[in-house]
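# Residue-level structural notes
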Amino acid sequence: MKFSELDEKMRIFETNSDIVVLPGIYMVARIDGRNFTTLTKSNSAFEAPFDTRFRDLMVETTKHLMDCGFKVEYGYTQSDEISLLFDPNIDVFSRKTRKYNSILAGEASAIFSVMLGKPVSFDCRICQLPAKNNVVDYFRWRNEDASRNALNAHCYWMLRKEGMGKKEADSLVSGKSVSEKNELLFARNINFNNLPNWQKRGTGLYWTEIQKTGFNPMKGQEVETTRTAIKVDYDLPMKDEYSGFIENFLNTKNVRRQKKK
């Protein structure tokens, strides 16, 4: 059997389960850390419930994923998760989900491991969203999940630091309403509303234009040039205002970086 015949025969087994996202369908990649609870609580000296060092690792990982060969309009990270909104016309890898899942998980795992100095891993799955309102709802869902997680985390770790055991603290927090959790913190001089917004709402990343001063050796003078860069937004809005914020990325032509030559 010729190699070309063997190659054609065997590739069927490799690609028979390929899923291709149809044109016109929005794609959002969700990348999650694997066993990060153990990483943050046991294997690394991160402060609970939130640590700016861990936040910065997640932000840098998100920035890397936005600039590793995919057309990403918007990146969002909270806790140990990252969400990426792709350009609706993206056709990289013919929109095969297995390629997006494997490459993005690998890129995230690699860059985070290098920065941290120990091996970690991420998984990835592609969300297929048929309409703009589904995209808006997706990111609002993750934004509100960040707020819920932040409130629970601050209550849980406050009780743990007071000496309460894991099961007791978890049971006490899970049995309270949102208002009761806020009161629990307020009774200990912690106003949840005054906590940093990145803890309560997550962090957004998007392309923007910046002005840079360079030097033209031919003319012997300084010149102003426009470049594209990723803006890190630690003060995202919430609820309806955040929904409008996401709609902006769907209804306007956003700034994207130029392809490197």
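Please read these numbers as outputs of a predicted model, since none were measured by experiment.

### A short note on the side chain of Asn143
Following the sequence through the fold, Asn143 ends up in helix 5 (residues 132-161). Among residues more than four places away in sequence, those in contact with Asn143 are Tyr76, Lys200, Arg201, Pro237, Met238, Lys239 and Tyr242.

### Here's the deal with the pattern of salt bridges
For the structure on display, the rule yields 15 salt bridges. Measuring nitrogen to oxygen at the nearest pair gives 3.6 Å for the salt bridge that ties Glu60 to Lys63. Linking Glu60 with Lys63, this pair stays in helix 3 (residues 52-66), spanning three residues, or about one helical turn. Residue Glu60 is classed as partly exposed on the basis of its relative accessible area of 35%. A salt bridge links Arg125 to Asp123; the shortest N-O distance between them is 3.2 Å. Looking at Asp123, the relative accessible area reads 35%, which means it is partly exposed. Three or more residues joined by partner-sharing salt bridges are found here, namely Arg30, Asp32, Glu81, Asp123, Arg125, Arg142, Asp145 and Arg148.

### A few points about the pairing of strand 2 (residues 72-78)
The buried fraction of strand 2 amounts to seven of the seven residues, a majority that puts the element mostly inside the structure. Relative to strand 3 (residues 81-86), strand 2 runs antiparallel, the two sharing six bridges. By the bridge assignment for strand 3, Gly75 is matched with Leu84. The antiparallel pairing of strand 2 with strand 3 creates a hairpin that spans two residues between the two strands, and Ser79 there sits at a positive phi of about 55°.

### Considerations on the packing of aromatic side chains
The description of two aromatic rings rests on the distance between their centres and on the angle between their planes. Counted according to the given criterion, the structure contains 23 aromatic pairs. With centroids separated by 5.4 Å and ring planes inclined at 85°, the aromatic side chains of Phe86 and Tyr100 adopt a geometry described as edge-to-face. Placement of Phe86 in strand 3 and of Tyr100 in helix 4 (residues 97-116) is noted, with a sequence separation of 14 residues between them. The interplanar angle of 70° and the centroid separation of 5.8 Å between the aromatic rings of Tyr206 and Phe245 together place this pair among those described as edge-to-face. Note that Tyr206 is positioned in strand 5 (residues 203-216) and Phe245 in helix 9 (residues 239-251), a separation of 39 residues in sequence. Like Tyr206, the residue Phe245 is buried in the burial classification.

### What about the pairing of strand 3?
In terms of burial, strand 3 is largely enclosed, as six of its six residues are buried. Of the two faces of strand 3, both are covered, the one formed by Glu81, Ser83 and Leu85 as well as the one formed by Ile82, Leu84 and Phe86. Where strand 1 (residues 26-33) lies against strand 3, five bridges are found, and the strand directions are antiparallel. Bridging from a neighbouring strand, Asp32 pairs with Glu81 of strand 3.

Reading guide: rules and limits
Residues numbered from 1 in each chain as written. Predicted model: local features only at pLDDT ≥ 70, side-chain atom pairs only at ≥ 80, totals over all residues. Heavy atoms only, no water. Helix = DSSP H or I, 4+ residues; strand = E, 2+ residues; numbered from the N terminus. Contact = heavy atoms within 4.5 Å. Salt bridge = Lys/Arg side-chain N within 4 Å of Asp/Glu carboxyl O. Buried < 20%, exposed > 50% of the residue type's maximum accessible area, 1.4 Å probe, protein only. Pairing = 2+ DSSP bridges. Phe/Tyr/Trp six-rings, centres within 6.5 Å; stacked < 30°, edge-to-face > 60°.

It is worth stressing that arrangement in space is one thing and function is another; only the former is reported here.
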